[in-house]
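Residue-level structural notes
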Amino acid sequence: MPLPAGFSNPLLVAIDRPDLASALALAEPLRAIAGGFKLGLELFVAEGPRAVDAFSRLGPPVFLDLKLHDIPNTVAAAVRSAARLGPALLTLHAAGGPAMLRAAAEAARAAGCGLRLLAVTVLTSLDRDDLEAIGVRAAPLEQVVRLARLAVACGIDGIVCSPSEVAAVRGALGPAPILVVPGIRPEGVATADQKRTADPRVATAAGADLLVVGRPITAAADPLAAARAILRELGIASGS
Ligand code: C5P
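First things first, this report covers the structure right here in the doc. In this text, all values refer to a predicted model and were calculated from it rather than measured experimentally.

Scanning the protein chain from terminus to terminus reveals eleven helices and eight strands. For 240 residues, the compact-globule estimate of 2.2 N^0.38 gives 18 Å, and the protein chain sits close to it at 17 Å. Judged by the C-alpha coordinates and their principal axes, the protein chain covers about 50 × 35 × 30 Å. A burial count over the protein chain gives 50% of its 240 residues as buried. Here the analysis covers contacts within the protein chain between residues at least 6 apart in sequence; of these, 66% occur between residues at least 24 apart. Accessible area of the protein chain: about 10500 Å², with a carbon and sulfur share of 56%.

With the rule as written, the count across this model stands at nine salt bridges. Look at the salt bridges and you will find they share partners, linking Lys38, Asp65 and Lys67 into a network.

Moving on, we come to the side chain of aspartate 65. Structurally, aspartate 65 is set in strand S3 (residues 62-68). Owing to a relative accessible area of 7%, aspartate 65 belongs among the buried residues under this scheme. A distance of 2.8 Å separates a polar atom in the side chain of aspartate 65 from a polar atom in the side chain of lysine 38. In terms of polar contacts, aspartate 65 uses its side chain to reach the side chain of threonine 91, at 2.7 Å. For aspartate 65, the contacting residues outside a window of four places in its chain are Lys38, Leu39, Gly40, Leu41 and Thr91.

Our focus in this paragraph is the environment of valine 180. As for its position among the elements, valine 180 is in strand S7 (residues 178-181). A sequence separation of 14 residues divides valine 180 from valine 166, and the C-alpha atoms of the two residues are 8.7 Å apart. Sequence-distant contacts of valine 180, defined by excluding residues within four places in its chain, comprise Leu12, Phe63, Leu118, Ile159, Val160, Cys161, Leu210 and Val212.

Before going further, it helps to examine the sheet that holds strand S2 (residues 36-39). Spatially, eight strands are ordered S1-S2-S3-S4-S5-S6-S7-S8 in a closed barrel, and the strand pairing comes out parallel. Geometrically, the sheet is characterised by an average inter-axis angle of 25 degrees between neighbouring strands, direction not taken into account. Of the pairings in the sheet, the one linking strand S1 (residues 11-14) to strand S8 (residues 210-213) comprises three bridges and is parallel in character. Within S8, the residue paired with valine 13 across the bridge is valine 213.

Packing of helix H4 (residues 72-83) against helix H5 (residues 98-111) brings their axes to within 8 Å, and their N-to-C directions diverge by 25 degrees. As summarised for this structure, H4 and H5 are arranged roughly parallel, according to the angle between their axes. Crossing hand, H4 versus H5: right-handed. Facing Pro72, Val75, Ala76, Val79, Arg80 and Ala83 of H4, the residues of H5 in contact are Ala99, Met100, Ala103, Ala104, Ala107, Ala108 and Ala111. Its residues placed into classes, the contact of H4 with H5 shows twelve nonpolar, no polar and one charged.

By definition, a disulfide links the sulfur atoms of two cysteine residues through a covalent bond. Here the structure, examined in full by the defined rule, presents zero disulfides. Not part of a disulfide, cysteine 154 finds its nearest cysteine sulfur in cysteine 161, a span of 18 Å. By relative accessible area, which is 2% here, cysteine 161 ends up buried.

Glancing now at H4. The terminal C-alpha atoms of H4 lie 16 Å apart, and with twelve residues this matches the ideal 16 Å at 1.5 Å per residue to within 8%. Listed in full, the buried residues belonging to H4 are Val75, Ala76, Val79, Ala82 and Ala83. Projection of H4 onto a plane perpendicular to its axis shows the buried side chains occupying an angular sector of 125 degrees, all on one side. Considering only its buried residues, H4 is in contact with S3, strand S4 (89-93), H5 and strand S5 (116-120).

Conventions used here
- Residues numbered from 1 in each chain as written.
- Predicted model: local features only at pLDDT ≥ 70, side-chain atom pairs only at ≥ 80, totals over all residues.
- Heavy atoms only, no water.
- Helix = DSSP H or I, 4+ residues; strand = E, 2+ residues; numbered from the N terminus.
- Rg over C-alpha atoms; globule rule 2.2 N^0.38 Å.
- Buried < 20%, exposed > 50% of the residue type's maximum accessible area, 1.4 Å probe, protein only.
- Contact = heavy atoms within 4.5 Å.
- Areas by Shrake-Rupley, 256 points an atom, 1.4 Å probe, with all protein chains shown as cover.
- Salt bridge = Lys/Arg side-chain N within 4 Å of Asp/Glu carboxyl O.
- Polar contact = N/O pair within 3.5 Å; in protein donor to acceptor, adjacent residues only side chain to side chain.
- Pairing = 2+ DSSP bridges.
- Axes fitted to C-alpha atoms, helices over the stretch in contact; angles between N-to-C directions.
- Parallel < 35°, antiparallel > 145°, perpendicular 65-115°, else oblique.
- Left-handed = near helix turned anticlockwise from the far one by under 90°.
- Nonpolar A, V, L, I, M, F, W, Y, C, P; charged D, E, K, R; others polar.
- Disulfide = S-S within 2.5 Å.
- Expected span 1.5 Å × (residues − 1).
- Arc of directions from axis to C-beta.

These values are about where atoms sit, not about what they do.
Written as structure tokens, this is what we have:
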């Protein structure tokens, strides 16, 4: 599977840090080999657009994981605002529905800067009982595939999905959509609080285009060595 345009390799490092100084300190040694950096709500709520701006200067593409979910007009406006910051990828919730998804896709296209949108389907923290509690009478995987199909039909470029979902989502959507998979654990690394994990090769073989890795790299004694080991597992050379 070719990499999405702008990415030199599939390894996206999740920079989950509460402030910009510690986020940049973590990213600096990784910038030469990371395929991209994922910035999430923790950092964005604390530091705002200047965090995206600072990371854009490091080199690797920025994945802005804001999981937008609001009325169509508001989400489209937020997509336009985000596009001005220059990230390569931005997330939103497929559960926002068709009008929201179409408005967001149209706003990203109109921005003309190559921003691609990824839909989050069912949060991996939700099980069947949680879905039932919010009125959804479907198994999680069935709901994931339903929302993934909806998002792509509405013009969204890709899906964020767990290792246990990626094969079903790829099977349902075909080769075109970008599939981004968190919950990646290199062989022999503790799974921490992630329940559904896979090693990098398994996720890639199941259809993932890009892999999100946080703590196996960011909590390692030597993050650069940990990132290099993952690239090696994927058969990608990254220096010594
Ligand atoms: O540290 P870890 O590798 O578990 O980090 C994974 C990153 O991906 C975190 O930023 C987390 O918020 C995000 N994520 C996830 N599972 C999902 C969706 C997003 O772990 N289902």
